[in-house]
Amino acid sequence: MVSTFLRGAQRLVCLALACSMTLATAQGLPSLGDGSSMTTAAERKLGERIARELYRDPDYIDDAVLEDYVQSIWQPLLAAARQRGELTSEQDERYAWEILMGRDRTINAFALPGGYLGLHLGLIGAVSSRDELASVLAHELTHVTQRHISRLMEQSSRVTPWAIGAMILGALAVSKSPDAASAVIMGAQGAAVQSQLNFSRDMEREADRIGYGVATQAGFDPAGFVSMFDKLQQASKLNDNGSFPYLRSHPLTTERMADMQARQALLERRPVPAQPDLVHAMMAARARVLSNPGPDRLRSWVGEAGALGEVPAAQAAPVLYAGALSASRLRDDGAARSLVGRLRAAVQSDPKALRQAALLDAEVRAAAGDAGGALAALAAIPADLAGRPEMLLAAPLQIRSGRAAEVAQRLQARVALDPRDAAAWQQLASAYEQQGQTLRAIRAEAELQVARLDYAGALDRFKAAQNYARGPRQGNAAGDHIEASIIDVRARAIEAIVKEQEKERQAER
C-alpha cells in the first residue's frame, strides 16, 4: 500500500484547485499581481486541516538530527525574506512556518496554505549541497509568501476554502489507489486544467525570481539554483518513472532554466570552498538510510562501508555514516561502533562534521543499551555547537538514570520558547511521570497533541488532567493548584477550537 504522506501532495493540491476552477473557467484569470481576499487566518486554518492528516501518517518523521540540519537552512531563509519585505508581519505572526518531513524516497517538496511545507527525505538524499536544498526551500517559501495557493483559490467564489480543503484531503486519500487517482485526473475539465497550468507557470517563475533573491541574501550560493535545475533536467530527460514528483508539480521549462543561468552569470563567481561540505554529505546519507530501511539495503550499505579503502574525507564520510547507521539498525553493534570510529577519524578536522559523528556515536551506543557511553559522546560536543538533537537524545537516557528533574528543567525552557515542539513535550511528560508529577505529565501529553494539531485528542487529555486534579492524590499541593489553573485555561481554549471545527464539518455536510 502506498502511504498518503507527502506523496505527490503538491500535485494533489493542484488537482483539487483545478477542480474548483472548473466553476470559474469563463471568468478568466487575474494578473499575477492581484491579491487574495482570503484572510491569512483562514489560510492558516486550511493548512492546519491538511497538516493534521499528514502528522497522523506513518511516514511522518520527526528526526531531531535531520530537523536540526534543515532548520539551519530554513531559518536564514526566513530571516532574509523578512529583510527583503517578502514576508509581511501579518504572515510572520499568523503562519506556522513548519516543515513536515516524510520518509518517502521520491524527490519532492511542496508548500501548503498557512506556512506549512513538506519535504521528502528522498530530496534531501539526492541534493549535492546545502545550497541546492536552500534553492528548493527558498522556492517553496516564496510560494507561501506570495500566497500562490490562496490566489488560485480565489478563482471560484462558489467553492469555499473548507470545501477545497476537503477536496485536498480526498485527493490524499485517493492517492492510495493509482487507478482512482487517474479517474480524478480524467474527470477534470481540460480547459480548467490548462488554465491552471498556465497560471502556475507564472507562479513558478515568480517563485524562482524571488526565491533566488532570498537564498542569495541568506548567504547561500545562487549556483545552487542552477545545479538543482541541472539535476531536474537530467531527470526529465530520463522520462520520469515516478521518482521525481517534483517535476510534475513544478514543471521545468527552458525559460526557467535560462533565467536562472542568466542571473547567475551576472553575479561575481564565488571561490570554491576550501573544504568540502561534510555535514551535508552525512545528512544526505542519513536521509537515504531513513527513507529506505529494508534489511537488504541496510546490509549493502554496511558492506560498502566495510570495504571502503583509503579515500578523501568527502568520499569517506557519507559512506561510513550510512554504514554505521545501517549496522545499528541491523543490531550489529560491533560493526556500527567500528564504522563510527572510522568516521570520527575521517572528519576530525571539521568541528561541525565531528559533531554529527558524535551524535551518531551517541545514537548507536544508546540503541545498544550503552547509556553511559552515549551520554559521554554527547557531553564531548562543544556547548557552542550543541542544540536540540543533543537535548532530545540525552533526555530519555538521563531520565532513566535518575536525573528527571534536571531534564524537566531544560525541557520546560525549550517548550517555553517553542510550544509546538512535540518531541520536547513527549520527553517532558516522561520526566514528570518519573518524578511522580502525574498532573503535569498529563498536561504535557495534552500539549503534545496540540503540537500535532490533534485538538480532539488534546481536549481528551486536558479533561483527564482536570478529573485527576479534582480527585484524591499525593504530591505538591501548591504546584498542583497552579498547574490545575493552567490546565483549566488551556482546556477552555482547546474546547473552543474543537467546537469551531465541528461547526465547520457540519456546514460542509
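In this text, all values refer to a predicted model and were calculated from it rather than measured experimentally.

Visitor: Got a minute to help me understand the pairing of strand 3 (residues 109–112) in this structure?
Guide: Of the two faces of strand 3, both are covered, the one formed by Ala109 and Ala111 as well as the one formed by Phe110 and Leu112. Turn length for the strand 3-strand 4 (residues 116–120) hairpin, with the two strands adjacent in sequence and antiparallel, is 3 residues, and the turn residue Gly114 shows positive phi of about 80 degrees.

Visitor: Is there a simple way to explain the environment of Ala64 in this structure?
Guide: Summarising the element assignment, Ala64 is placed in helix 3 (residues 64–84). It is 5.0 Å that separates the C-alpha atoms of Ala64 and Pro389, two residues lying 325 residues apart in sequence. Sequence-distant contacts of Ala64, that is, excluding residues within four places in its chain, are made with Arg388, Pro389 and Leu392.

Visitor: What's the story with the sheet that holds strand 4 in this structure? I'm lost.
Guide: By way of backbone hydrogen bonds, the strands of a sheet pair with one another, either parallel or antiparallel. Read from one edge to the other, the open sheet built from 4 strands follows the order 1-2-4-3, with strand pairing classed as mixed. Lying at the two open borders of the sheet, with one neighbouring strand each, are strand 1 (60–61) and strand 3. Pairing between strand 1 and strand 2 (residues 98–102): 2 bridges, direction antiparallel. Bridge pairing in strand 2 places Ile61 opposite Met101. Each of strand 2, strand 3 and strand 4 is contacted by helix 6 (residues 130–145), which is oriented at about 20 degrees to strand 3, the strand it contacts most.

Visitor: Explain the layout of surface pockets to me, please; I cannot follow it from the model alone.
Guide: Empty space left among the atoms is revealed by rolling a probe the size of a water molecule over them. Roughly 750 Å³ of volume is contained in the largest pocket. Glu48, Arg52, Tyr455, Ile497 and Gln501 are the residues nearest the centre of the largest pocket, which is lined by 31 residues in total. Of all elements in the fold, only helix 2 (40–56), helix 8 (161–174), helix 23 (438–451), helix 24 (455–470) and helix 25 (477–508) reach the threshold of two or more residues within the lining of the largest pocket.

Visitor: Please clarify how unusual backbone geometry should be interpreted in this entry.
Guide: For residues that are not glycine, phi is negative in most cases, and the peptide bond is trans in most cases. Positive phi is not limited to glycine here, since Trp97 has a value of about 55 degrees. As for its position among the elements, Trp97 is in the loop between helix 4 (89–94) and strand 2. Of note, Arg331 is a non-glycine position whose phi angle comes to about 65 degrees, a positive value. By the secondary structure assignment, Arg331 is in the loop between helix 16 (313–329) and helix 17 (333–346).

Visitor: Explain the pattern of salt bridges here, please?
Guide: Between side chains of opposite charge, pairing is possible as soon as their charged atoms come close. Tallied over the entire structure, the rule returns 35 salt bridges. Between Arg286 and Glu363 there is a salt bridge; the shortest N-O distance is 3.0 Å. Pair noted here: Arg286 is in helix 14 (residues 278–291) and Glu363 is in helix 18 (residues 351–367), with a separation of 77 residues, a long-range link. Judged on exposure class, the residue Arg286 and its partner Glu363 are both buried. Linking Arg414 and Asp421 is a salt bridge whose minimum nitrogen-to-oxygen distance equals 2.7 Å. Judged by its relative accessible area of 24%, Arg414 falls in the partly exposed class. Look at Asp421 and you get buried, because its relative accessible area is 3%.

Visitor: How should the nonpolar core be read in this particular structure?
Guide: Taken as a class, soluble globular proteins show a tendency for nonpolar side chains to be buried jointly. Ranked by internal contacts, the top residues of the largest apolar core, which has 74 residues, are Trp74, Leu77, Met101, Leu119, Met282, Tyr321 and Leu343. No other element matches helix 3, which puts 10 residues into this core. Core analysis: the second largest hydrophobic core is formed by 26 residues, Leu54, Tyr60, Ala458 and Ile487 among them.

Visitor: Please clarify how the side chain of Ser326 should be interpreted in this entry.
Guide: By secondary structure assignment, the location of Ser326 is in helix 16. A relative accessible area of 0% means that Ser326 is categorised as buried. Setting aside residues no more than four positions away along its own chain, Ser326 makes contact with Val289, Leu298, Trp301 and Val302.

Visitor: Help me out: how do you make sense of the packing of helix 23 against helix 24 in this one?
Guide: A pair of packed helices is characterised by two quantities: the angle between their axes and the separation of those axes. Close contact between helix 23 and helix 24 brings their axes to 7 Å; oriented N to C, the two are set at 170 degrees. As summarised for this structure, helix 23 and helix 24 are arranged roughly antiparallel, according to the angle between their axes. The interaxial crossing formed by helix 23 with helix 24 has left-handed handedness. Across from Thr438, Leu439, Ile442, Arg443, Glu445, Ala446, Glu447, Gln449 and Val450 in helix 23, the residues of helix 24 making contact are Tyr455, Gly457, Ala458, Arg461, Phe462, Ala464, Ala465, Tyr468 and Ala469. Split by residue class, the contact of helix 23 with helix 24 holds 11 nonpolar, 3 polar and 4 charged.

Visitor: Honestly, the packing of aromatic side chains in this entry has me stumped. Any pointers?
Guide: A ring pair, where both rings are aromatic, is described by two values, the distance of the centres and the angle of the planes. Enumeration according to the criterion identifies 4 aromatic pairs in this entry. Ring centres of Trp74 and Trp97 lie 6.5 Å apart, and the angle between their planes is 45 degrees; on these two criteria the pair is classed as tilted. Residue Trp74 is located in helix 3, and its partner Trp97 is located in the loop between helix 4 and strand 2; the two are separated by 23 residues in the primary sequence. No difference in accessibility class separates Trp74 from Trp97, as the two residues are buried. Both rings, one in Tyr95 and one in Trp97, keep their centres 5.6 Å apart while their planes meet at 55 degrees; by these two values the pair is tilted. Accessibility assignment for this pair places Tyr95 and Trp97 in one class, buried.

Visitor: Even after reading the chapter, I still don't get the confidence of the model for the protein, so can you show me in this structure?
Guide: Low-pLDDT portions of the prediction should not be read for the details of their coordinates. For the protein, mean pLDDT is 83; residues scoring 70 or higher make up 76% of the total. When the criterion is pLDDT under 50, residues 6–34 qualifies, and its contacts beyond four places in sequence or with other chains add up to 78 contacts. Within the model, the stretch residues 171–199 combines pLDDT values under 50 with 35 contacts to residues more than four positions away or in other chains.

Visitor: When you look at the pairing of strand 4 in this model, what are you seeing that I'm missing?
Guide: Two faces make up the sheet, and in a regular strand the side chains alternate between them. Across the 5 residues of strand 4, 5 count as buried, placing the element largely inside the fold. The alternating pattern of strand 4 places Tyr116, Gly118 and His120 on one face and Leu117 and Leu119 on the opposite face, and all of these are buried. As paired elements, strand 2 and strand 4 share 5 bridges and run parallel to each other. Across the sheet, residue Gly102 finds its bridge partner in strand 4, namely His120. Sheet topology places strand 3 next to strand 4; 4 bridges connect them, and they run antiparallel. Counterpart to Ala111 in the pairing with strand 4 is Leu117.

Visitor: Help me understand helix 19 (residues 371–379) in this model?
Guide: Since the α-helix packs 3.6 residues into each turn, any two residues three or four apart lie on the same face. Among all positions in helix 19, only Gly373, Ala374, Leu375, Ala377 and Leu378 are buried. Where helix 19 is buried, its residues contact helix 17, helix 18 and helix 20 (388–400).

Each value, and the rule that gives it
- Residues numbered from 1 in each chain as written.
- Predicted model: local features only at pLDDT ≥ 70, side-chain atom pairs only at ≥ 80, totals over all residues.
- Heavy atoms only, no water.
- Buried < 20%, exposed > 50% of the residue type's maximum accessible area, 1.4 Å probe, protein only.
- Helix = DSSP H or I, 4+ residues; strand = E, 2+ residues; numbered from the N terminus.
- Pairing = 2+ DSSP bridges.
- Contact = heavy atoms within 4.5 Å.
- Axes fitted to C-alpha atoms, helices over the stretch in contact; angles between N-to-C directions.
- 1 Å grid on protein atoms, 1.4 Å probe; cavity = no way out; pocket = protein on both sides within 12 Å on 5 of 7 lines; lining within 4 Å.
- Points joined across faces, edges and corners; volume = space filled by probe spheres on them.
- Salt bridge = Lys/Arg side-chain N within 4 Å of Asp/Glu carboxyl O.
- Core = buried A, V, L, I, M, F, W, Y, C linked by side-chain atoms within 4.5 Å.
- Parallel < 35°, antiparallel > 145°, perpendicular 65-115°, else oblique.
- Left-handed = near helix turned anticlockwise from the far one by under 90°.
- Nonpolar A, V, L, I, M, F, W, Y, C, P; charged D, E, K, R; others polar.
- Phe/Tyr/Trp six-rings, centres within 6.5 Å; stacked < 30°, edge-to-face > 60°.
- pLDDT = per-residue confidence, 0-100.

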